[in-house]
Amino acid sequence: MQKFKEIVVTICQVLLWLTFLFGINDPGLLHTRPPESLYSVYAFLIDPIYSVSSYIIQPVSWMAHMMGLYHPEKIGGWFPMTSAVKFNAFMGTFGLGAFFKPSLFAGAIIWWVPLTSFCVSVFSWGFSEFYERIRNWAWNIIIEYAFHRKKARVYQEVLDKKTADLERLNNQYRVLAEETHTLKDSVITDELTS
């Protein structure tokens, strides 16, 4: 179970980070892809990754909707994506605009993806903790149950042995009582004259 969980989490993380890496340079996320773009040529590989990732990020986007963080009318804002130009302008307010030039990000920075990746990591850790606790609890119950069953079986075996011993002693007593009665009769009664 643990191994299966690790494989699923790893696949999710790989898909999410591929989506993120493709997304920050994919012009098709904000505008139409140019026909000569690498993203147009390999769309048959990239688009399925986007599609699968869109299902993985559903719980996070739902939570953001519920918390009021997602505003569809502000598609270029911080949620769910930021255009390269807006990101550069935002970083410029911190004096970091030179390190985040729009030319680095032809498309958008998709904030759902790293957020979902973080949530998957937290969920994975939480699942591992929960799994370990449940497994230990179940294991203790199984051990306790097996111990009680074994103890009950041992008690039953001892009881059966004692019962068999008492039965044997009772039979021996009966045989000895009959022999004693026979001997008593033979001592008192003469065989010739009765």
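Each remark here, short or long, concerns the structure printed above.
Keep in mind that this is a model prediction, so the values were computed, not measured.

## Notes on the overall build of the chain
Part 1 of the reasoning: On a plain count of helices and strands, the chain comes out with 6 helices and 2 strands.
Part 2 of the reasoning: In the chain, the order of α-helices and β-strands from amino to carboxyl end is α-α-α-α-β-α-β-α.
Part 3 of the reasoning: A globule of 194 residues ought to have a C-alpha radius of gyration of about 16 Å, yet the chain, at 41 Å, is considerably larger.
Part 4 of the reasoning: Projected onto its principal axes, the C-alpha coordinates of the chain cover approximately 135 × 35 × 30 Å.
Part 5 of the reasoning: Considering the chain as a whole, with its 194 residues, one finds that 24% of them fall into the buried category.
Part 6 of the reasoning: Within the chain, counting contacts between residues at least 6 apart in sequence, those at least 24 apart form 68% of the total.
Part 7 of the reasoning: With an accessible surface of roughly 14400 Å², the chain has 69% of that area assigned to carbon and sulfur atoms.
Part 8 of the reasoning: Counting 17 positive and 17 negative side-chain charges, the chain places the centres of these two groups 13 Å from one another.

## Considering helix H6 (residues 112-188)
Part 1 of the reasoning: The first and last C-alpha atoms of H6 sit 111 Å apart over 77 residues, in line with the 114 Å expected at 1.5 Å per residue.
Part 2 of the reasoning: Those residues of H6 not exposed but buried are Trp112, Val113, Thr116, Ser117, Val120, Ser124 and Ser128.
Part 3 of the reasoning: Elements that come into contact with the buried residues of H6 comprise helix H1 (2-23), helix H3 (43-56), helix H4 (58-67) and strand E2 (108-110).

## Concerning the state of the cysteines
Part 1 of the reasoning: Counted according to the given criterion, the structure contains 0 disulfides.
Part 2 of the reasoning: Of the cysteine sulfurs around Cys12, a residue in no disulfide, the closest is that of Cys119, at 12 Å.

## Remarks on the pattern of salt bridges
Part 1 of the reasoning: Counted under the stated rule, the structure contains 5 salt bridges.
Part 2 of the reasoning: For Arg33, the salt bridge is made with Asp26, and the minimal N-O distance between the two is 2.7 Å.
Part 3 of the reasoning: Of the charged contacts in the structure, one is a salt bridge between Asp165 and Arg168, with a shortest N-O distance of 3.7 Å. Taken as a pair, Asp165 and Arg168 lie in helix H6 at a separation of 3 residues, close to a single helical turn.

## Brief notes about the side chain of Ser117
Part 1 of the reasoning: Examined against the element boundaries, Ser117 turns out to sit in helix H6.
Part 2 of the reasoning: Looking at Ser117, the relative accessible area reads 5%, which means it is buried.
Part 3 of the reasoning: Sequence-distant contacts of Ser117, that is, excluding residues within four places in its chain, are made with Gln13, Leu16 and Trp17.

## So, the environment of Met81
Part 1 of the reasoning: Assignment of secondary structure puts Met81 in strand E1 (residues 81-83).
Part 2 of the reasoning: Given a relative accessible area of 14%, Met81 falls into the buried group.
Part 3 of the reasoning: The sequence separation of Met81 and Gly23 amounts to 58 residues, and the corresponding C-alpha distance is 9.6 Å.

## Considerations on the environment of Trp112
Part 1 of the reasoning: On the secondary structure map, Trp112 appears in helix H6.
Part 2 of the reasoning: According to the relative accessible area criterion, Trp112 is buried, its value standing at 6%.
Part 3 of the reasoning: The spatial distance from the C-alpha of Trp112 to the C-alpha of Phe123 is 16 Å, given a sequence separation of 11 residues.

## Some details on the side chain of Asp26
Part 1 of the reasoning: Structurally, Asp26 can be placed in the loop between H1 and helix H2 (38-41).
Part 2 of the reasoning: For Asp26, a relative accessible area of 0% translates into the label buried.
Part 3 of the reasoning: In terms of polar contacts, Asp26 uses its side chain to reach the side chain of Arg33, at 2.7 Å.
Part 4 of the reasoning: Non-local contacts of Asp26, meaning those with residues more than four positions away in its chain, are made with Arg33, Tyr39, Tyr50, Gly107 and Ala108.

## So, H3
Part 1 of the reasoning: Under the 1.5 Å per step criterion, the end-to-end length of H3 is 20 Å for 14 residues, consistent within 8% with the ideal 20 Å.
Part 2 of the reasoning: Within the sequence span of H3, burial applies to Ala43, Ile46, Ile49, Tyr50, Ser53 and Ile56. Along the long axis of H3, the arc covered by the buried residues comes to 150°, so they all point the same way. Set apart from the buried face of H3 by more than 90 degrees, the exposed residues are Phe44 and Tyr55.

Reading the values: rules and limits
Residues numbered from 1 in each chain as written. Predicted model: local features only at pLDDT ≥ 70, side-chain atom pairs only at ≥ 80, totals over all residues. Heavy atoms only, no water. Helix = DSSP H or I, 4+ residues; strand = E, 2+ residues; numbered from the N terminus. Rg over C-alpha atoms; globule rule 2.2 N^0.38 Å. Buried < 20%, exposed > 50% of the residue type's maximum accessible area, 1.4 Å probe, protein only. Contact = heavy atoms within 4.5 Å. Areas by Shrake-Rupley, 256 points an atom, 1.4 Å probe, with all protein chains shown as cover. Lys, Arg positive; Asp, Glu negative; His and termini not counted. Charge placed at Lys NZ, Arg CZ, Asp CG, Glu CD. Expected span 1.5 Å × (residues − 1). Disulfide = S-S within 2.5 Å. Salt bridge = Lys/Arg side-chain N within 4 Å of Asp/Glu carboxyl O. Polar contact = N/O pair within 3.5 Å; in protein donor to acceptor, adjacent residues only side chain to side chain. Arc of directions from axis to C-beta.

Worth remembering: the numbers are spatial, not functional.
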